[in-house]
Amino acid sequence: MSSIKDLNSLSQIIKDEINKVENHINTASVGQVVSVGDCIATVYGLDEAMYGELIVFPGPSYGMVMNIEENNIGVALFGDDISIKEGDLCQRTGEVVSVPVGDSLLGRVVNALGQPIDGKGKINATESRPVEMPAPSIMDRESVCEPLETGIKVIDAMIPIGKGQRELIIGDRQTGKTAIAIDTIINQKNKDVICIYCAIGQKNSSLTQIVNKLKQFDALKYTVVVSANASQSSPMLYLAPYAATSIGEYWMRQGKNVLIIYDDLSKHAVAYRTLLLLLRRSPGREAYPGDIFYLHSRLLERSCRLTDELGGGSITSLPIVETQAGDISAYIPTNIISITDGQLFLNTDMFNAGQRPAIDSSLSVSRVGSAAQTKIMKKESKNLRMELANYHEMLDFSRFGSDLDKATQKILTHGAVLLEVLKQKQYMPLSMSQEIIDIFVVQSGSLDDINPAKVHSILKLLSNYIMTHNIDIYKNIAINKTFSDEDKKTVLSILKDIKDAKINDALVTED
Ligand code: ATP
Ligand code: MG
């Protein structure tokens, strides 16, 4: 009897177990392509897909969920759309788009998904980070107070940039925007700053040139290049700056300093507009979608300096924006100006007149201000802006009459020499000590009696002479952070000797 009872209970147990097995296949993670074209796939059946989730198509090729509608979802495709056909099955991955991060990326050129495109083989990254991350909260941030030296005299003296700052580089096409960014990267050599150059919508040929220049100046080894070139799909262009930021955040969270260049965000805005128009989102002003401000604010808010408790790392970002005919009050420029902590405005007329870098001091500003400057630089450069403004005012004024009084004449001569000193060739970043001495010399008025055309050769002779005979002056500025009256006197007396032709090239090189 007892064995029949045992069998009954056993069959009950088996029945219960069978009932527990769910009698349905999980179809929520497999969908079907309804239509595909222009790098957008409309997919039916992925009801539970998340915004930003990675979807895998046959191939495999990948896409990101950008639209969630009642019956279908819109997926932005990262590869070409030729290999995907109507009716193809696709699958959720349950993951958001992420990029590999870590030191193995240094010296590499990658696309917006972090895949290498430089032909140097696989990147052996052990970690990855989601492309979209929330910006650090206010409590996690520290104020910007340490300078990030660009090596460009006019910027370090008048519009200083600090670590953790966001400074916009804005100007018409071909005004030297990229040049400033690349020089800043080159100047970070041996300064413990990791650089990321994010190229958005550029030609492959210009990117190759940039990578070659970085290699030539030995700057590629501390730089990562993230590129979404003009021939790639708009989803890749859209993703590139976020991917670059995620790559940088990895180092920032480790307490390191990072510099990111976004070249440029106007092309990024256009790519986003294309993408969303293809997804049939409603267009707003200038056909840009309504969230175009959020597109860039959530990107640039991720640049900051973290508190010491969080390691004190930083991301400094230099976004670039191209204007049309100098119109900085256009839609995208004003948006980004209001997000950043200042802008370097490049003036086309100045550029064409040979005043390069063509930074317009009247329209350029750093809202972090002199907090991001060393004390000596702050002291030496405090009058520059005023003097330049005076010069431009007097120059306009002097066009009306030929009879100028002595004071006006003096302002004009000094201004012309000052502008000459602020000119700087590409790929020639200066050390802080050199910059300070140049500014000190011109501010002392000792160059005012020199033909502006000769100013550069005199300054070169001066720095060469100091380098060979009075290196302590440089050391005092760079290491001890002092520029004593005695050192100043020595500099001026060397300058006098150069002017009196007592020092020439031959004397500089001898020991
Ligand atoms: P685009 O709008 O095409 O991106 P851009 O504003 O980035 O142009 P660059 O490509 O940096 O401008 O520079 C334009 C040209 O000016 C280049 O040929 C570059 O070599 C030259 N140039 C830039 N800066 C300087 C400089 N300081 N001295 C001399 N030439 C310069
Ligand atoms: Mg450029």
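Computed from a prediction, not measured in an experiment: that's the story for all the values here.

How each quantity is defined
- Residues numbered from 1 in each chain as written.
- Chains lettered and ligands numbered in written order.
- Predicted model: local features only at pLDDT ≥ 70, side-chain atom pairs only at ≥ 80, totals over all residues.
- Heavy atoms only, no water.
- Helix = DSSP H or I, 4+ residues; strand = E, 2+ residues; numbered from the N terminus.
- Buried < 20%, exposed > 50% of the residue type's maximum accessible area, 1.4 Å probe, protein only.
- Near = heavy atom within 4 Å.
- Polar contact = N/O pair within 3.5 Å; in protein donor to acceptor, adjacent residues only side chain to side chain.
- Areas by Shrake-Rupley, 256 points an atom, 1.4 Å probe, with all protein chains shown as cover.
- 1 Å grid on protein atoms, 1.4 Å probe; cavity = no way out; pocket = protein on both sides within 12 Å on 5 of 7 lines; lining within 4 Å.
- Sits in = over half its atoms within 2 Å of the grid points.
- Nonpolar A, V, L, I, M, F, W, Y, C, P; charged D, E, K, R; others polar.
- Core = buried A, V, L, I, M, F, W, Y, C linked by side-chain atoms within 4.5 Å.
- Contact = heavy atoms within 4.5 Å.
- Points joined across faces, edges and corners; volume = space filled by probe spheres on them.
- Patch = residues over 30% accessible without salt bridge, like charges linked within 9 Å, V, L, I, M, F, W, Y side chains within 5 Å.
- Salt bridge = Lys/Arg side-chain N within 4 Å of Asp/Glu carboxyl O.
- Axes fitted to C-alpha atoms, helices over the stretch in contact; angles between N-to-C directions.
- Parallel < 35°, antiparallel > 145°, perpendicular 65-115°, else oblique.
- Left-handed = near helix turned anticlockwise from the far one by under 90°.

A. Just unusual backbone geometry, in detail. The linkage connecting Asp263 with the following residue, Asp264, adopts the cis geometry, with an omega of -5 degrees. Tracing the backbone through its elements, the reader meets Asp264 in the loop between strand E14 (257-263) and helix H6 (265-278). The residue Asn190 is not glycine, and still its phi comes out positive at about 60 degrees. Structurally, Asn190 can be placed in the loop between helix H3 (177-186) and strand E12 (193-200). Overall, the relative accessible area of 75% leaves Asn190 in the exposed class. Located in the positive-phi region is Tyr427, a residue other than glycine, with phi close to 60 degrees. As for its placement among the helices and strands, Tyr427 is situated in the loop between helix H12 (406-422) and helix H13 (432-443). With a relative accessible area of 25%, Tyr427 lands in the partly exposed category.

B. Spatial organisation of the site of ligand 1. In the vicinity of ligand 1 lie 13 residues, with Gln174, Lys177, Thr178, Ala179 and Gln426 positioned nearest. Here an oxygen atom of ligand 1 sits 3.0 Å away from a polar atom, N or O, in the main chain of Gly176. Between ligand 1 and Thr178, the relevant distance is 2.7 Å, taken from an oxygen atom to a side-chain nitrogen or oxygen of the residue. Alone, ligand 1 offers 620 Å² of accessible surface; in the complex the protein occludes 70% of this. In a pocket analysis with a 2 Å cut-off to the grid points, ligand 1 is assigned to the largest pocket. It is H3 that contributes the most residues to the shell around ligand 1, three residues altogether. Taken together, the residues of the shell around ligand 1 break down into three nonpolar, six polar and four charged.

C. The arrangement of the nonpolar core in detail. Judged by nonpolar contacts, the single largest core of 70 residues is most densely connected at Ile437, Leu447 and Leu462. When residues no more than four places from it in sequence are discounted, the contact partners of Leu447 are Val417, Val421, Val441, Val442, Val455, Ile458, Leu459 and Leu495. Counting residues in each nonpolar core, the second largest holds 61 residues, with Ile194, Ile247, Ile292 and Leu300 among its members.

D. The layout of surface pockets, seen in detail. If you add up the space inside the largest pocket, you get close to 920 Å³. Looking at the largest pocket, it is lined by 29 residues, and the ones nearest its centre are Gln174, Gly176, Lys177, Thr178 and Ala179. At the level of secondary structure, the elements contributing two or more residues to the lining of the largest pocket comprise H3 and helix H4 (204-216). The element contributing the most residues to the lining of the largest pocket is H3, with six residues.

E. Spatial organisation of a nonpolar patch on the surface. Together, Leu7, Leu10, Ile13, Ile14 and Ile18 make up an exposed nonpolar region whose accessible area comes to about 500 Å². In this fold, Leu7 is placed in helix H1 (residues 2-20).

F. View of the packing of H13 against helix H14 (residues 455-469). One way to put it is that H13 packs onto H14 with a least axis distance of 11 Å and a crossing angle of 130 degrees. By the criterion of interaxial angle, the relationship of H13 to H14 is oblique. When you trace H13 past H14, the crossing you get is right-handed. Residue-level contacts link Gln434, Ile437, Asp438 and Val441 of H13 to Leu459, Leu462, Ser463 and Ile466 of H14. For the contact of H13 with H14, the residue count by class is five nonpolar, two polar and one charged.

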